[in-house]
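# Coordinate inspection notes
If you want the building blocks of each chain, they are given just below.
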Amino acid sequence: MPRFYQQLVRLLVTMSLCVALVGCKSAPDTPQYARPLPPGADALRKVINLAEMPSLRPAFIKRDKGLLEALTRSLAWFDRPSTQQHYPVRVDGDYVSHRHAHLSVFAFRQVVATMDDAHAFDAAIKREFDIYTSVGWDNRGTVFYTGYYSPVFRASFTRDGTYRYPLYTRPPQLQTDPASGAVLGWTAADGKLVKPPTRAQIETQNMLTGLELVYLPSRLDAYMIEVNGSARLEMTDGSVLHIGYAGNNGYDYVSIGKRLAADGKVDPNRVNMTAIRDHFRSHPEELDGYIQQNPRFVFFKEYDGANWPAGSLGFPVTPWRSLATDKAIFPRGGVVLVDTTLSTTPGSPLQFEQFMLDQDTGGAIRAAGRADIYMGVGDVAGHAAGRQATEGRLYYLLLKRERLEYWSRIMAGGSARAPAADAAATTFD
């Protein structure tokens, strides 16, 4: 075979192998952080090679009250019987049960709360737990970290020239299952149960007149409160109002960020609130059209501010301790190790190695190569979140299967005495 054809065959074989694995990088060499997993692929891979094993000591040294609070909230979430519907979850070719994930958080909290020595902690966790790495966008573990925060909005109980965009209470026509909350239908004028109206139908036909809860000065702000599901509102009369989720019209959520990316309006790898706001600030005439592409409509009610800001688990998220990931591919509620840098302040990025809890999700967080760090409440946190954009690694900690029965006995006993007493030992047995 002539040399030219030999080279051509080798090139075609190389290209085929590349596509079969994770896909060759496009030219130019642009990271595809939003790339979905190939069909049948798992988001997590067990770390076996010692050279890939992360050090847990820096994150242990940074443990604080916030970490324990976040752990306690995840445990409270697992205690709810309804959370079993989210498991089992496929992890590295096997399945992790609800019990396995629950015990993993319990065991980690007991260990982190009862050990003082970083080296002993590192060794103990690696004996008790298996560590998994996200495959990332490139199948080599690269994860792109952005930040998010809880904004505080201005609002009014009455409509005027400034405050014109309403949020609504739940309509009596909406019928849901009392146990699961699943939408059953919409009661029509003749009393028959019909399919609920879409967002476009609700808005264009003014179907919720009289159910206005509050008014916002910005159409996009009102919509983003729907996406978040809760908000703290500083009212024009001087009061503070916390509002939260009271139901939806039963349609699947469609991300306007994804639609903007698909239309070439924003970078698909950097879809976040800053990018979305920047686009609509420059193109306000496009806002209504994009919002109405999302058929889901969310309703609100006033609630106790002690539970604000709540993540997708229904519990408050903790600044710098709650992480948002794609809940379709990652096990929710679990302990993670985030290893990245922070670009939240001008100058050189700061190393960020911290234990966090996978307690939230977001419209733009839909891939193994994306994660969102919760950075707090208000404008300062907002500025930090808007600047965050760095690569890193993401690890999950799950108990070794042979340790499940031991930790099950400890949990059933309702006492931290056993792990505390064995904190300095070479094994927890």
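Above this text is the structure in question.
In what follows, the accompanying structure is described. (Residues numbered from 1 in each chain as written. Predicted model: local features only at pLDDT ≥ 70, side-chain atom pairs only at ≥ 80, totals over all residues. Heavy atoms only, no water.)

### Describing the overall build of the protein
Stated formally: Only DSSP runs of H or I reaching four residues or more are called helices, and only runs of E reaching two or more are called strands; each is numbered from the N terminus. Working definition: with a 1.4 Å probe on protein chains only, accessible area under 20% of the residue-type maximum means buried, over 50% means exposed, and in between means partly exposed. Any pair of residues with heavy atoms lying within 4.5 Å of one another is described as a contacting pair. We get accessible surface area from the Shrake-Rupley algorithm with a probe of 1.4 Å; when it comes to residues, only the shown protein chains can shield them.
From N to C terminus, the protein includes 13 helices and 19 strands. Counting all 429 residues of the protein, 47% fall into the buried class. Once local pairs closer than 6 in sequence are excluded, the contacts in the protein between residues at least 24 apart make up 77%. Accessible surface computed for the protein: about 20400 Å², of which carbon and sulfur atoms make up 53%.

### Description of the nonpolar core
Convention followed: To form a nonpolar core, buried Ala, Val, Leu, Ile, Met, Phe, Trp, Tyr and Cys residues must be joined to one another through side-chain atoms within 4.5 Å.
Counting residues in hydrophobic clusters, the biggest one holds 64 residues, and the most contacted among them are Phe108, Phe121 and Phe355. The leading source of residues in this core is helix H4 (residues 98-114), at eight residues. If near-sequence neighbours (up to four positions away) are discounted, Phe355 is found in contact with Leu56, Ala59, Phe60, Leu67, Phe108, Phe121, Arg321, Val335, Val336, Leu337 and Leu397. Core analysis: the second largest hydrophobic core is formed by 15 residues, Phe153, Leu216, Ile225 and Val298 among them.

### Details of the packing of aromatic side chains
Defined as follows: Within 6.5 Å between ring centres, the rings of Phe, Tyr and Trp (the latter by its six-membered ring) count as paired, and their orientation is classed by plane angle as stacked under 30 degrees, edge-to-face over 60, tilted in between. Two conditions define a charge sitting above a ring: the NZ of Lys or the CZ of Arg must be within 6 Å of the ring centre, and it must be within 35 degrees of the ring normal.
Scanning all chains against the criterion turns up 17 aromatic pairs. Note on Phe121 and Phe355: the rings are 5.9 Å apart at their centroids and 70° apart in plane angle, and the pair reads as edge-to-face. Note that Phe121 is positioned in helix H5 (residues 118-128) and Phe355 in strand E17 (residues 350-360), a separation of 234 residues in sequence. Overall, Phe121 belongs to the buried group, its relative accessible area being 0%. With a centroid separation of 6.0 Å and an interplanar angle of 55°, the aromatic rings of Trp320 and Phe352 are classed as tilted. One end of the pair, Trp320, is in the loop between strand E14 (298-302) and strand E15 (322-324); the other, Phe352, is in strand E17, and 32 residues separate them in sequence. Every member of this aromatic cluster is reached through a ring pair, and the members are Phe60, Phe108, Phe121, Phe129 and Phe355. Between the NZ or CZ atom of Arg63 and the centre of the ring of Phe60, over which it lies, the distance is 3.9 Å.

### Quick look at the environment of Trp186
Within the secondary structure, Trp186 is located in strand E9 (residues 183-187). Relative accessible area serves as the criterion here: at 6%, Trp186 is assigned to the buried category. Put simply, Trp186 and Gln175 are eleven residues apart on the chain and 5.8 Å apart in space, counted from C-alpha to C-alpha. Once you skip the residues sitting within four places of it in the chain, Trp186 turns out to touch Pro171, Gln173, Leu174, Lys192, Leu193, Val194, Lys195, Pro196, Pro197, Met207 and Leu208.

### Points about helix H3 (residues 65-78)
To keep things clear, this is the line we draw: The span expected for a helix works out to 1.5 Å for each residue beyond the first. Counting of polar contacts relies on pairs of N or O atoms within 3.5 Å, with two restrictions inside protein: one atom must be capable of donating a hydrogen and the other of accepting it, and residues adjacent in sequence are counted only when both atoms are side-chain atoms.
Taking 1.5 Å as the rise per residue, H3 with 14 residues should run 20 Å; its terminal C-alpha atoms sit 20 Å apart, in good agreement. Packing partners of the buried residues in H3 comprise H4, strand E16 (335-342) and E17. Structurally, the start of H3 carries an N-cap: the backbone nitrogen of Gly66 is 3.1 Å from a side-chain oxygen of Asp64.

### Here we look at the sheet that holds strand E8 (residues 174-176)
The strands making up a sheet associate through backbone hydrogen bonding, with each pair oriented either parallel or antiparallel. Quick reminder of the rule: Strands were regarded as paired on the criterion that DSSP finds at least two bridges between them.
Ordered by their spatial adjacency, three strands build an open sheet running E8-E9-E10, and the pairing between neighbours is antiparallel. Every other strand in the sheet has two partners, leaving E8 and strand E10 (193-194) as the edge strands with one partner each. Of the strand pairs in this sheet, E9 and E10 are connected by two bridges, and their pairing is antiparallel. In the sheet register, Thr187 faces E10, and the bridge partner there is Leu193.

### Side note on unusual backbone geometry
With an omega of 5°, the peptide bond running from Tyr87 to Pro88 counts as cis. Position of Pro88 among the secondary structure elements: in the loop between H3 and strand E2 (89-91). The backbone of Asp92 sits at a positive phi, close to 50°, despite the residue not being glycine. Position of Asp92 relative to the elements: it lies in the loop between E2 and strand E3 (94-96). Positive phi outside glycine occurs at Trp320, with the angle close to 70°.

### Thoughts on the pairing of strand E19 (residues 389-399)
The buried fraction of E19 is high, at eight of eleven residues. Alignment of strand E4 (residues 129-134) against E19, held across five bridges, turns out to be antiparallel. The residue of E19 that forms the bridge with Ile131 is Leu397. In this structure, strand E5 (residues 143-150) lies alongside E19, joined through four bridges in antiparallel fashion. Counted as the bridge partner of Phe144 is Glu391 from E19. Here E16 pairs with E19 via five bridges, running antiparallel. Looking at the pairing, Asp339 lines up with Arg393 of E19.

Worth remembering: the numbers are spatial, not functional.
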